[in-house]
Structures are given as C-alpha cells and as structure tokens.
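Okay, here's what each chain looks like letter by letter:
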Amino acid sequence: MRKIFVKTQNVKNFIALINSLQNKPDGVSRMALVYGEPGLGKSRTALWLAAQNDAVYIRSANLMSGRWFLEELVEELGEIPQYWTSELFKQAVNKLIERPQMIIIDEVDYLAGDQKTIETIRDIHDKTNVPIIFVGMTLAEKKLQKYRHLYDRLSEIIQFKAFSVNDVQDIVTQLCEVEITEPAVNFIHTQANRFRQIVRIISRLEAVAKTNNIELIDENIIKEILKNDSRQSFENNKRAKHIHAG
Ligand SMILES: Nc1ncnc2c1ncn2[C@@H]1O[C@H](COP(=O)(O)OP(=O)(O)OP(=O)(O)O)[C@@H](O)[C@H]1O
Ligand SMILES: [Mg+2]
C-alpha cells in the first residue's frame, strides 16, 4: 500500500474551513468545530493540516484538566511550563501574542465535560485571537452546545461524512498498488465507507494479487476474495465459540 495522504471531500472541506477562519475580519470569532463518525480520517487530517499550517496539535485525554491542557499547550509552543496555573495561562497567551499559531484540539469529547478547561480555551481565544479548531466525535456538537459562550463563538462547523463513490475511487486508486476496475471500486463502496475498512480491504487485495500473480482486480475476483474472507471469519468465530463452550 502506498503511503499517500488522500484529499477526500472531507479533507477539502477541512482545508476550506481553515482558510475561512484565517480570513475572518477582526472582531469575528475564529473558533470552529469538525466532528464525525470514527474512522473517517479526522485525526490524520488534523495532524496533516497542523503540519501544513505550522499549527499546534493537541490530543485531549480522558480526565484532562485545565492545568494539564495548559502544560501541553505551553510545551507545544516550545516553552518550559511554569508551575502555577495562572502563570501557565499567561505563558501561553504571551507566547501566542508574540508568535500567533493556530491550535487544533483533537478528541475534544474528553474535554466537553470539564467546564473550566473549556472556559480556559475560550479565554485563550479571546485574548489572542488565534484560530482554534476542535475535532471530535459525532456527539461533540451536542456536548459543546451546553457551553453557550463557547458555542456562540464557533463560526464554522463541519461534519465529516461517510465516503462517496468518488472518494472511494480516489482512495483506492491512490493507495492500492494493484490496479482495480471501476465496477470493483463500486463494489468496495457498497462494502465499506470508512478508512479503516477500506485500508483493510486494500491490503487484503494486494496480498491475494501478489500470491496469485494477478495484475488487475475485477468485480468477480473481489467478490470471491471478500466472500471467502467472511466465510473464514464465520468459521473462526464458530470454532472460538466451540472452544469457549467446551
Ligand atoms: N486522508 C487520508 N489519506 C490516507 N489515509 C488516511 C487518511 N485519513 C485517514 N487515513 C487513515 O485511516 C485511518 C483512520 O483515520 P483516523 O484515525 O484519522 O480517523 P478518525 O476519524 O480520527 O477516527 P476516530 O474518530 O476513531 O478517532 C488511519 O489509519 C489513517 O492513517
Ligand atoms: Mg481520531
């Protein structure tokens, strides 16, 4: 499989969101939310865009407090974190005023239960005006809605959607090292529309093509491979249950 970053429609929407945030007139908030189902590429895209835009990427963690968040932020800004929370906050703000950088906060669902952390992030935005993008799961939007002051500042919200046939076509042709016919790609789209599933199918196809010297995979071959795989996993499950019961 090729190690390529594919620009799916979701990726293009995320890029457009960043451009729009960066071009907001003064006085308009520069906060945004990107959310969606697991496995659609939110984190990989956030990391890729952070590198492209010289942004700070922070992955929230379960039980992350305001102080912990600030420590991570200050470290990412290249400073040694101070001890007191108030000092940490000033450190982050001063550094961002001196050298503004966009901040992308992934897995925001973990922070959504902690009012203090959410308010700290809002204060950082208000004091520095740097773009701040939250990335989260499907429920992230609902979870953030309860913080009115924050929610009102989200000037852009986009949802990562399940892949269209065109997306799957782009992903398969760019990542798969074996050629696949268009009807075969359409069939993949009926079976999988998340990155993790598609990547799994591609690596399976590449392995079968290699062992059997196949140069072009068509719809019949792919159906055969996937049918065998699901029969195999059914047999394995049955065996596992048998061993368990026995
Ligand atoms: N644009 C892309 N090009 C190539 N591979 C990608 C792309 N986006 C995601 N992937 C791959 O797909 C898999 C799932 O992506 P990722 O972890 O970013 O999804 P996610 O939406 O953040 O999921 P979760 O909600 O579970 O955190 C990863 O293995 C990732 O490397
Ligand atoms: Mg993720």
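Residues numbered from 1 in each chain as written. Chains lettered and ligands numbered in written order. Predicted model: local features only at pLDDT ≥ 70, side-chain atom pairs only at ≥ 80, totals over all residues.

**Student:** Mind showing me how you'd approach the site of ligand 1 here?
**Tutor:** Neighbouring ligand 1 are 16 residues, the closest being Pro38, Gly41, Ser43, Arg44 and Phe195. The set of elements that each furnish at least two residues to the shell around ligand 1 consists of α2 (42–52) and α10 (195–211). For the shell around ligand 1, the element with the most residues is α2, which contributes 4 residues. When grouped by side-chain class, the residues that make up the shell around ligand 1 number 8 nonpolar, 5 polar and 3 charged. Here the shell around ligand 1 gathers at least three residues from each of two domains, domain 1 (9–160) and domain 2 (165–245). (Near = placed C-beta within 6 Å. Helix = DSSP H or I, 4+ residues; strand = E, 2+ residues; numbered from the N terminus. Nonpolar A, V, L, I, M, F, W, Y, C, P; charged D, E, K, R; others polar. Domains from an automatic or database assignment.)

**Student:** It is not clear to me how the sheet that holds strand β1 (residues 31–36) should be interpreted in this structure. Could you clarify?
**Tutor:** What holds strands together in a sheet is hydrogen bonding between their backbones, with the strands either parallel or antiparallel. Read across the open sheet, the 5 strands follow the order β2-β3-β4-β1-β5; overall the sheet is parallel. Sheet topology places β2 (56–59) and β5 (154–160) at the edges, where each strand pairs with a single neighbour. The mean inter-strand angle of the sheet, taken between neighbouring strand axes irrespective of direction, is 15°. Where β1 and β5 come together, 6 bridges link them in parallel fashion. Each bridged residue has a counterpart across the sheet, and for Tyr35 the counterpart in β5 is Gln159. Contacts from helix α1 (residues 9–22) reach β1 and β5 within the one sheet, and its direction differs from that of β5 by about 175°. (Pairing = 2+ DSSP bridges. Axes fitted to C-alpha atoms, helices over the stretch in contact; angles between N-to-C directions. Contact = placed C-beta atoms within 7 Å.)

**Student:** Looking at this structure, I do not really get the pairing of strand β3 (residues 103–106). What am I missing?
**Tutor:** The side chains of a regular strand alternate between the sheet's two faces. Covered by surrounding structure in β3 are Ile103 and Ile105 together with Ile104 and Asp106, the residues of both alternating faces. Strand direction decides the pairing type here: β2 and β3, joined by 4 bridges, are parallel. Residue pairing across strands places Val56 opposite Ile103, the latter belonging to β3. Strand direction decides the pairing type here: β3 and strand β4 (residues 132–136), joined by 3 bridges, are parallel. When the sheet's bridge partners are listed, Ile104 is paired in β4 with Ile133. (Buried ≥ 20, exposed ≤ 12 C-beta atoms within 10 Å, placed from the backbone.)

**Student:** Explanation requested: the domain arrangement of the protein chain in the structure shown.
**Tutor:** Interface size is commonly expressed as the accessible surface area that is lost when the partners come together. For the protein chain, the assigned domains read domain 1 (9–160) and domain 2 (165–245). Using only C-alpha atoms to locate each centre, domain 1 and domain 2 end up separated by 37 Å. Looking at the side of domain 1 that touches domain 2 residue by residue, the classes come out as 1 nonpolar, 3 polar and no charged.

**Student:** Can you help me understand unusual backbone geometry in this one?
**Tutor:** If a residue is not glycine, its phi is most likely negative; likewise, a peptide bond is most likely trans. Here Glu107, not a glycine, exhibits a phi torsion of approximately 55°, which is positive. Locating Glu107 in the fold gives a position in the loop between β3 and α5 (115–128). Here Glu107 falls in the buried class, since 21 other C-beta atoms lie within 10 Å of it. Positive phi values are uncommon outside glycine, yet Asn213 reaches one of about 55°. Here Asn213 shows up in the loop between α10 and β7 (216–217).

**Student:** Can you help me understand α1 in this one?
**Tutor:** Three or four residues apart is the spacing at which side chains of an α-helix point the same way, because the helix has 3.6 residues per turn. With 14 residues, α1 should cover 20 Å at 1.5 Å per step; its first-to-last C-alpha distance of 20 Å lies within 8% of that length. Taken as a whole, α1 has its buried residues at Asn10, Val11, Phe14, Leu17, Ile18 and Leu21. One side of α1 carries all its buried residues, which in axial view fall inside an arc of 115°. The exposed set on the far side of α1, more than 90 degrees from its buried face, consists of Lys12, Ala16 and Asn19. (Expected span 1.5 Å × (residues − 1). Arc of directions from axis to C-beta.)

**Student:** Is there a simple way to think about the packing of helix α3 (residues 66–76) against helix α4 (residues 85–98) in this case?
**Tutor:** How two helices sit against one another is set out by the angle between their axes and by the gap between those axes. Where α3 meets α4, the closest approach of the two axes is 9 Å, and the angle between their N-to-C directions is 40°. Where α3 crosses over α4, the two elements pack in a sense that is left-handed. In this structure, α3 uses Gly66, Arg67, Leu70, Glu71, Leu73 and Val74 to contact α4, whose residues at the interface are Thr85, Leu88, Phe89, Gln91 and Ala92. Class assignment for the residues of the contact of α3 with α4 results in 6 nonpolar, 3 polar and 2 charged. (Left-handed = near helix turned anticlockwise from the far one by under 90°.)

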